[in-house]
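Here is what each chain is made of, one letter per residue.
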Amino acid sequence: MSDEEVTAGIQSMVRQSPAPFRPLVVLEFAVGAKQSAIEWMISKLQGSEATGGAELEVSAVVMTYKQGTSQTVLYIGAKNTRLLSAADMTSLCKVYKDNHYREFTIEDMANFKGIEDVDSFLTTAEKQKLILHEMEAVRASDEEGHIPGYDKIKLWTGKSILKKYLSREIITKMYPLHEPEEIKKLGADWYQLKRVFKEQPIDDIRHYFGEKIALYFAFLGYYTIALIPPAFIGIIYFITSWQSMYREAIFAVFNLIWATIFLEVWKRYCSELSYRWGTIDMVSSKYDEPRANYYGTLGENPVTGKPEPVFPKWKRNFRFYCVTVPIVSVALGIAFYIMLGYFIMQEWADKKYASEKSWVNFSVLYLPTVIYAVLIGIVNAIYRKVAKKLNDWENHRLQSAYDNHLIVKLILFDFVNCFISLFYVAFYIQDMALLRSHLAALLITQQLIGQVQEAMVPFLFLKRRKKQVDEVLKKQNALQKKEYFNGEIAEDVQRQAGMESEMEEYNGTMDDYLEMFLQFGYVFLFSSAFPLAALWALINNVTEIRSDAFKMVKVFQRPFAESAASIGAWQVAFELISIMAVMTNCALIGMNPEVRKLLPSDVTAVNIVLIFVAVEHIILAIKVAVAYLIPDQPKWVEIELAKTAYQSKLALQEKHFQVNLSKHIHRTSQDKEKIDAVLKEKSQ
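Residues numbered from 1 in each chain as written. Predicted model: local features only at pLDDT ≥ 70, side-chain atom pairs only at ≥ 80, totals over all residues. Heavy atoms only, no water.

**Student:** An account of the overall build of the protein is needed here, citing residue identities and associated values.
**Tutor:** What the protein contains, in helices and strands, is 23 helices and eleven strands. Sorting the 684 residues of the protein into buried and exposed places 47% on the buried side. Partitioning the contacts of the protein with sequence separation of at least 6, the portion at a separation of at least 24 is 75%. Split by element, the accessible area of the protein, about 35,300 Å² in all, is 62% carbon and sulfur. (Helix = DSSP H or I, 4+ residues; strand = E, 2+ residues; numbered from the N terminus. Buried < 20%, exposed > 50% of the residue type's maximum accessible area, 1.4 Å probe, protein only. Contact = heavy atoms within 4.5 Å. Areas by Shrake-Rupley, 256 points an atom, 1.4 Å probe, with all protein chains shown as cover.)

**Student:** Describe the side chain of R247, and please don't skip the residues or the numbers.
**Tutor:** With respect to the helices, strands and loops of the structure, R247 is situated in helix α11 (residues 245-276). Its relative accessible area of 10% is what places R247 among the buried residues. Aside from chain neighbours lying at most four places away, what touches R247 is Y237, F238, T240 and W242.

**Student:** Provide a residue-level description of the pattern of salt bridges, including the pertinent values.
**Tutor:** For the coordinates displayed, the defined rule picks out 23 salt bridges. Across the pair R82 and E134 runs a salt bridge, and its minimum N-O distance is 2.4 Å. Note that R82 is positioned in helix α3 (residues 80-89) and E134 in helix α5 (residues 124-136), a separation of 52 residues in sequence. Owing to a relative accessible area of 7%, R82 belongs among the buried residues under this scheme. (Salt bridge = Lys/Arg side-chain N within 4 Å of Asp/Glu carboxyl O.)

**Student:** Any chance you could break down the packing of aromatic side chains for me, citing the residues and the numbers?
**Tutor:** Scanning the entire structure with this criterion turns up 41 aromatic pairs. Positioned over the ring face of Y208 is R558, at 3.8 Å from the centre of the ring. (Phe/Tyr/Trp six-rings, centres within 6.5 Å; stacked < 30°, edge-to-face > 60°. Lys NZ or Arg CZ within 6 Å of the ring centre and 35° of its normal.)

**Student:** Residue-level account of the pairing of strand β7 (residues 150-154), with values.
**Tutor:** Looking at chain direction, strand β6 (residues 146-147) and β7 are connected through two bridges and run antiparallel. Considered in β7, the bridge of H146 is made with K154. Connecting β6 to the antiparallel partner β7 that follows it, the hairpin turn spans two residues, and G149 within it adopts a positive phi of roughly 90°. (Pairing = 2+ DSSP bridges.)

**Student:** Lay out unusual backbone geometry in plain terms, naming residues and giving numbers.
**Tutor:** Despite not being glycine, E169 has its phi angle at roughly 60°, a positive value. Note on placement: E169 falls in the loop between α6 (161-167) and β8 (171-176). Positive phi, normally seen in glycine, also occurs at N395, with a value near 60°. Counting through the fold element by element, N395 comes out in the loop between α14 (367-394) and α15 (399-429).

**Student:** Summarise the UniProt feature "transmembrane region" (unreviewed entry) in the protein; cite the residues concerned and give the values.
**Tutor:** What UniProt calls "transmembrane region" (unreviewed entry) maps, in this numbering, to residues 213-239, 245-266, 320-344, 364-383, 406-429, 516-539, 560-583 and 603-630. Within residues 406-429, the helical portion is 100% and the strand portion 0%, while the C-alpha atoms at the span's ends are 33 Å from each other. Helix and strand shares over residues 516-539 are 67% and 0% respectively, and the end C-alpha atoms of the span are 13 Å apart. (UniProt positions renumbered as here; feature names shortened; annotations may be inferred.)

**Student:** Before we move on, could you go through empty space enclosed by the protein and cite the residues and values that matter?
**Tutor:** Across all of its chains, the model carries two cavities of 30 Å³ or more by this definition. Quantified by volume, the largest cavity comes out at close to 70 Å³. Around the largest cavity, the lining residues are Y216, L220, D512, E515, M516, Q519, N540, N541 and E544. Elements with a contribution of two residues or more to the lining of the largest cavity: α9 (211-226), α18 (510-524) and α19 (533-555). Of the residues assigned to the lining of the largest cavity, the class counts are three nonpolar, three polar and three charged. Approximately 50 Å³ is the volume found for the second largest cavity. Contributing to the lining of the second largest cavity are E248, M432, S528, L588, I589 and N592. Looking at the lining of the second largest cavity residue by residue, the class counts come to three nonpolar, two polar and one charged. (1 Å grid on protein atoms, 1.4 Å probe; cavity = no way out; pocket = protein on both sides within 12 Å on 5 of 7 lines; lining within 4 Å. Points joined across faces, edges and corners; volume = space filled by probe spheres on them. Nonpolar A, V, L, I, M, F, W, Y, C, P; charged D, E, K, R; others polar.)

Right, here's the structure in full:
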């Protein structure tokens with residue numbers, strides 16, 4: 001297709017708009033993408049809701065290069081009326097006139113704070129989130145069997161068209177644009193060295209990146225502070241010469257109770273944040289919209305009546321139990337045999353050092369542990385890709401179900417892969433000294449690898465930024481001509497988009513939570529074996545917060561904001577680890593020969609087990625009591641929620657009263673007309 005035909009095609013598909021718009025999202029098509037596919041996507045983005053379109057504003061830039069190839073970049077925006085309509089449909093919460101968050105409705109929008117200035121009523125992050133929602137909501141119909149120009153790329157009925165373009169790399173990049181001044185200000189308050197020991201600007205993070213990312217950084221900060229007491233005690237234990245059978249027991253009991261206090265207090269703080277942000281009442285239900293990648297035959301939601309894909313539950317269960325479970329089981333078996341290989345290598349290293357105690361052999365002594373720690377990371381990375389593929393294939397309807405199933409898959413494998421060797425040493429070999437050194441080696445090796453990576457971030461950033469600039473300049477030098485359709489895009493916006501196009505894509509908080517989960521397990525599962533674990537975790541997390549912040553501001557493309565009321569299934573995962581830690585630490589203390597000396601000599605092994613099971617249950621009872629005594633929500637949050645519910649009830653009653661009054665007046669008017677007609681008839 002010639003350049004003139006490309007130009008004519010784009011021009012015919014992009015309707016002229018008399019008023020300029022603010023581009024918020026960028027879509028980049030692959031170089032050489034078929035023109036018919038580009039035109040079809042533009043028609044879908046611009047088409048009205050009634051015809052299955054997104055009803056958004058689109059400005060296209062077609063760049064023709066000297067090599068004879070061309071690339072189309074779409075700049076997406078939306079009118080305020082479209083955004084407000086989307087906010088209504090998605091039940092976006094905004095501040096009402098009574099200073100409480102309520103679901104936004106167009107019918108009642110006059111009573112929402114800030115509506116006077118429609119342009120700033122929605123934040124940029126909210127606008128970008130709504131635009132993404134509308135783009136993803138454009139789904140294939142029964143008649144649309146394939147993407148125009150790509151006959152072999154079939155479309156599932158009800159499948160998100162945008163997601164199909166992305167998965168087949170017809171669209172290579174999609175990202176919301178940064179706000180240069182806002183992100184600069186946020187970075188200054190967040191990751192700079194002078195802010196290392198100051199509180200994170202959580203509300204600003206939420207305003208810019210959304211609730212999900214803000215809750216991750218809030219949890220990371222809270223967890224880091226919670227590590228200070230066990231780290232302090234660990235230092236005292238390390239520098240003092242106090243040796244006693246009570247030493248490990250006291251520290252283990254403290255850690256177990258402290259973990260419960262931390263998790264319960266976090267839930268309270270999390271409820272405060274979610275109330276303040278208006279997400280506390282978010283509950284998944286059958287009337288929630290399906291996620292964009294969900295596919296099936298096009299049907300109807302029985303609750304809302306809206307068209308949506310339908311996928312039989314038995315198919316999903318078949319895929320899970322007959323395919324996913326066997327593959328995960330095989331992966332767990334591989335992790336087990338890697339662990340056995342580690343112990344074989346360690347036995348060889350021990351014998352080599354015992355035969356000749358040299359510096360070379362001393363370094364070889366710790367080589368198997370280092371190799372094993374590195375292997376754990378490699379195998380985890382491979383498994384994560386497999387787990388994601390399986391999770392995608394299972395085709396879960398809701399995003400929450402998708403996330404929870406993926407979390408379970410990752411936690412199960414990573415738990416086995418990272419902790420099975422520790423359980424093997426602790427309860428099969430029963431060597432406390434080996435357990436201590438093995439735990440220290442695993443934790444410190446993984447932390448050091450992480451720290452080296454984090455320390456390299458600024459250096460790699462500068463190197464990558466130079467590469468990004470070179471790529472942009474290379475594109476500009478190769479550019480032969482540039483054409484605009486539906487209005488020109490400012491040069492500074494194009495330069496910004498060009499730079500952000502070369503930035504890394506942010507893949508979400510899943511890996512960050514998983515890393516924190518494993519660290520939590522190292523610290524609390526075997527507290528009595530290695531009291532300094534909390535100190536290493538604390539040092540790591542202090543730098544982790546700022547390096548993650550630096551990457552969010554400088555390295556990654558801006559992610560689309562996501563709403564969240566809590567950290568979701570991760571809360572349950574951390575609580576399960578804290579419960580399991582009671583069992584492991586009680587068992588370790590029970591196997592201590594010094595502890596057994598306290599018991600009468602005629603006590604049988606069965607009675608010893610029963611004694612420590614009883615101790616374990618006592619500690620669990622204390623944990624339950626602590627959890628019960630610390631309410632999940634502060635009293636003021638409960639009161640405010642009750643007030644909101646009461647006011648909503650009054651508003652609903654008032655609405656019903658007005659409707660009934662209107663019906664009554666209408667009925668009375670009709671009755672009066674009938675009476676007048678009868679009287680008139682009789683008078684005649």
